[in-house]
Protein chains: 2
Amino acid sequence: MNRRNFIKTGMLGALAAASPISLSAFDSATRPGTRSGRLNLSFKPYELQLRHSFNLARSQRTTTPGVQVQIEYDGVTGYGEASMPPYLGETVASVTGFLSRLDLGQFADPFRIEDIHEYMDSVAPGNRAAKASVDIALHDIMGKITGQPWYKIWGLNPEKTPNTSFTISYDADKAEMKKKIEETAPFKIVKVKMGVGHDKETVEALRKHSDVPICVDANQGWNDRDKALEMCHWLAERGCLFVEQPMDKSAIDDTAWLRERSPLPIIADEFLQRLPDVKRAMQAYDGINIKLMKSTGMHEAYQMATLARALGMKVMLGCMTETSCAVSAAAQLAPLADWADLDGNLLISNDIFDGMKIVDGKITLPDRPGIGVVPV
Amino acid sequence: MNRRNFIKTGMLGALAAASPISLSAFDSATRPGTRSGRLNLSFKPYELQLRHSFNLARSQRTTTPGVQVQIEYDGVTGYGEASMPPYLGETVASVTGFLSRLDLGQFADPFRIEDIHEYMDSVAPGNRAAKASVDIALHDIMGKITGQPWYKIWGLNPEKTPNTSFTISYDADKAEMKKKIEETAPFKIVKVKMGVGHDKETVEALRKHSDVPICVDANQGWNDRDKALEMCHWLAERGCLFVEQPMDKSAIDDTAWLRERSPLPIIADEFLQRLPDVKRAMQAYDGINIKLMKSTGMHEAYQMATLARALGMKVMLGCMTETSCAVSAAAQLAPLADWADLDGNLLISNDIFDGMKIVDGKITLPDRPGIGVVPV
């Protein structure tokens, strides 16, 4: 068995062990009759099981749909992943549908990443997670061909990664809430989801057990700008670092008003997706939360981070609920981030990759080429 | 003789053949007693001989001082270059003085490019050409280690390079002027330096023999905004593409006034040097001219191009009078540029590298790793 088949078989073995879904071979987007290319894309739905249910401002869930991607090129396998939290509008059907329409065989090699993104954008305007899965797999191949992890190719110092925050959600059950808080012990920063009606209780429950800095994610949950400002002051007094997406993404004027007055930096999340949104964000936000599933992957995420820093904005690096595949891809950018929230792989019980680690709360990059993962 | 010594000896041989300066071994910045690093920097002054004297708005010259740089790392040689046109304020003494102060041995490897730039900026705030020479040599090493040219690492399609313009300066001697115009025949775009008192004559002389598009570089030579606007209209009617640096770099309000009214895009050159200047340029210019000797090299030049494009600005790629070393390094970025003026190596009679070529007027990237050059 050659290395390529071994990796592929290993991957399928891991899927077999962890996934409840059927295990026919990866679907292939290489259609008979199309030009035979050297980039071969295959993909497979893979549902992510959450350790705890998520209580968000506008939804609750116990699983997240995902799609695992592989691209083979010249004997090298690149791994990618799409993760589709429901509020972003992508589904297993939309992702696999999009991937099925792609003909990557028309491109000379995986290094034609700008052309491939232009092509994917021409196939459909949205489908950002689907595009990210291809982008991540291509970056994995490029890194493996060059023998380098992406943080090195980008010229970054891996020691300069920030601590990751670990997300905690409110639970009305006090024993359950205490258990959740105990799980945050290894982390240097904790992130609290707000706007679900227990905002102050969550912070107060945390402060009973811990004095770690808190990141606040309001998930567009605050409607009144005066109350939002009052909340920012209340949070600042309790050692919070910043507030992410306090108000609805369309409430630009109110957010700008809040930013002018808030003692805490205001960070855009739902407000922005891709590169052109960064300039728009300047008018109302102090920083941006970059996520690969919004940005269409690593190529545009790097450009977004570069742009935000050049414009004097803070950079936060986030993720969805993901395996170590997409989280490790995002972690390559971590030395560029002021703050990071890369805990997506820690929130699931069925990870199928080994990659970046959290060591003493700090993002720690593996010394492996590409995105730095191996199937487990 | 191993490959490394061969390349180094070949390089010195080329210098011996082409340079009038003394040929002691490259000066080394590795000082006895300092920590023994694996990045070994050496450098040597090398004066560039111009084929034609330059008639600029504010100076005239027949040579340009330069410094050739080599960095050795783990058996790989990286080539770099500083070129110091007098108006930028750097000299052989300032460049060699700066390079002598550097201790690159403290860095783990050439991929620590962000740390190395931060360190160089901490050594001295200016010295942009000196910093560029180090940056270019490090990029050459990184590319050689990964086995890839930089356009590939950046994900760019080498077929998307623009045509280069070829610079022509006014000559009162009609036979000499005609000879200069004949030399432009292989090029698809010609660049005219203005602000020297023969602005219209130069364009009219060109238009007698050629209908190629013309780029106009006023080199801050226009003082009156009304006359500048009149000139923009006159130039637009004669097939000019844009006007570079029409007025003094400090005349921001007048330039913004002109930009609002000009039928031609207004491009910043002397106005800007590095990444933070790009945002400032937005208020008065439609685009920016990026040059490695201003930007401190390839790393920041790529970021500047990314930022300008994200802000909706035009990107022009320029150079100083340089050998094929620095010009080929700049050419790696060419697929990101709307326009390019990479003729620096064609303007000198003592080039010592083989690298990027102009084929039918178009920038053509060599299929070699790193910056794509070999000593000749």
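Counting restarts for each chain, with residues numbered from 1 along the sequence as it is written. In the order they appear in the text, chains get letters beginning with A and ligands get numbers beginning with 1. Confidence filtering applies because this is a predicted model: local features only for residues at pLDDT of at least 70, side-chain atom pairs given and counted only at 80 or more, and all residues used for totals across whole chains, interfaces and linings. Side-chain numbers come from the whole structure's heavy atoms, not from hydrogens or water.

Now for the overall build of chain A. Strands are runs of DSSP state E lasting at least 2 residues, helices are runs of H or I lasting at least 4, and numbering of each runs from the N terminus. When you go through chain A residue by residue, the secondary structure sums to 13 helices and 18 strands. The classification of residues rests on relative accessible area computed with a 1.4 Å probe and restricted to protein chains. Under 20% of the type maximum is buried, over 50% is exposed, and intermediate values are partly exposed. Each of the 376 residues in chain A was classed as buried or not, and the buried ones make up 62%. Once local pairs closer than 6 in sequence are excluded, the contacts in chain A between residues at least 24 apart make up 68%. What sets the accessible areas is the Shrake-Rupley method with a 1.4 Å probe; for residues, cover comes only from the shown protein chains. Split by element, the accessible area of chain A, about 13,600 Å² in all, is 49% carbon and sulfur. A contact between two residues is defined here by any heavy atoms of the two lying within 4.5 Å.

Further remarks concern the interface of chain B and chain A. Often, the extent of an interface is quoted as the loss of accessible area upon association of its parts. Each partner contributes to the interface: chain B provides 32 residues, whereas chain A provides 32 residues. At the boundary of chain B with chain A, total buried surface from both sides reaches about 2,600 Å², with 57% on carbon and sulfur atoms. Any carboxyl oxygen of Asp or Glu that lies within 4 Å of a side-chain nitrogen of Lys or Arg is treated as forming a salt bridge with it. On the surface where chain B and chain A come into contact, there are 9 salt bridges. Across the salt bridge formed by Asp109(A) and Lys152(B), the nearest N and O atoms sit 3.7 Å from each other. Two parts lose some accessible area (1.4 Å probe) when they are put together, and adding that loss for both gives the buried area.

The copies are overlaid by a least-squares fit using only the C-alpha atoms of residues whose pLDDT is at least 70 in both copies. Overlaying chain B on chain A yields an RMSD of 0.0 Å, the required transformation being a rotation through 180° with an accompanying axial translation of 0.0 Å. The symmetry that links the two subunits is that of a two-fold axis. Across chain B, the smallest distance between a C-alpha and the rotation axis is recorded for Thr146(B), namely 2.2 Å. Interface overlap between copies: 100% of the residues of chain B at the interface are likewise at the interface in chain A, consistent with a symmetric, same-surface contact.

In this section: the pattern of salt bridges. All names here are of chain A. One pass over the full model with this rule turns up 47 salt bridges over all chains. The partner of Asp254 in a salt bridge is Arg225, with the nearest N and O atoms 3.4 Å apart. With Asp254 in helix α9 (residues 252-261) and Arg225 in helix α8 (residues 225-236), the pair connects residues that are 29 residues apart, well separated along the chain. The class for Asp254 is partly exposed, based on a relative accessible area of 27%. Take Arg225: its relative accessible area is 30%, and that puts it in the partly exposed class. Put simply, Lys191, Lys193, Asp217, Glu244 and Asp341 are held in one network by salt bridges that share partners.

Turning to the packing of aromatic side chains, a few remarks are in order. The aromatic pairing rule takes the rings of Phe, Tyr and Trp, using the six-membered ring of Trp, and pairs them if the centres are within 6.5 Å, calling planes under 30 degrees apart stacked, those over 60 edge-to-face and the rest tilted. Applying the stated criterion across every chain, the model contains 15 aromatic pairs over all chains. Linked through ring pairs, Trp150(A), Trp154(A), Tyr302(A), Trp150(B), Trp154(B) and Tyr302(B) together constitute an aromatic cluster.

This next bit is on helix α9 (residues 252-261) of chain B. When we look at burial in α9(B), the residues that qualify are Thr255(B), Ala256(B), Trp257(B), Leu258(B) and Arg259(B). Along its buried surface, α9(B) packs onto α8 (225-236) and β11 (266-268) of chain B.

Once that is clear, we can look at unusual backbone geometry. Residues and elements named next belong to chain B. Located in the positive-phi region is Asn127, a residue other than glycine, with phi close to 50°. Along the chain, Asn127 turns up in the loop between α3 (113-123) and α4 (128-146). Accessibility expressed as a relative area gives 18% for Asn127, which makes it buried. At Gln245, a residue that is not glycine, the phi angle is positive and equals roughly 40°. For Gln245, the location among the structural elements is in the loop between β10 (240-244) and α9. Given the relative accessible area of 0%, Gln245 is considered buried.

Residues and elements named next belong to chain B. Along the polypeptide, Glu176 turns up in helix α6 (residues 174-183). When its relative accessible area of 24% is taken as the criterion, Glu176 is described as partly exposed. Through-space distance from the C-alpha of Glu176 to that of Asp254 is 36 Å; in sequence the pair is 78 residues apart. Once residues lying within four places of it in the same chain are set aside, the contact partners of Glu176 are His52 and Asp171.

So, about the sheet that holds β10(B). All names here are of chain B. Should DSSP find at least two bridges between two strands, the strands are taken to pair. Taken together, 8 strands build an open sheet; the order of strands is β7-β8-β9-β10-β11-β12-β13-β14 and the sheet is parallel. Among the strands making up the open sheet, the edge pair consists of β7 (165-168) and β14 (339-341). Neighbour-to-neighbour, the strand axes of this sheet turn through a mean angle of 25°, independent of strand direction. Axis definition: a line fit to C-alpha positions, over the contact stretch in the case of helices; interaxial angles, taken between N-to-C directions, run 0 to 180 degrees.

Our next topic: empty space enclosed by the protein. We place a 1 Å grid over just the protein atoms. Points where a 1.4 Å probe fits but has no way out form a cavity, open points with protein on both sides within 12 Å along at least 5 of 7 lines form a pocket, and any residue with an atom within 4 Å of a point lines it. Grid points are joined across faces, edges and corners, and a volume is the space filled by probe spheres set on the points. Throughout the structure, instances matching the rule amount to 6 cavities of 30 Å³ or more. Its volume calculated, the largest cavity comes out at about 200 Å³. Trp154(A), Tyr302(A), Ile153(B), Trp154(B) and Tyr302(B) are, among the 20 residues lining the largest cavity, the residues nearest its centre. Elements that contribute at least two residues to the lining of the largest cavity include exactly α4 (128-146), α5 (150-153) and α12 (298-310) of chain A together with α4, α5 (150-153) and α12 (298-310) of chain B. Split by residue class, the lining of the largest cavity holds 13 nonpolar, 7 polar and no charged. Polarity classes work like this: nonpolar for Ala, Val, Leu, Ile, Met, Phe, Trp, Tyr, Cys and Pro, charged for Asp, Glu, Lys and Arg, and polar for all others, with Gly in that last group.

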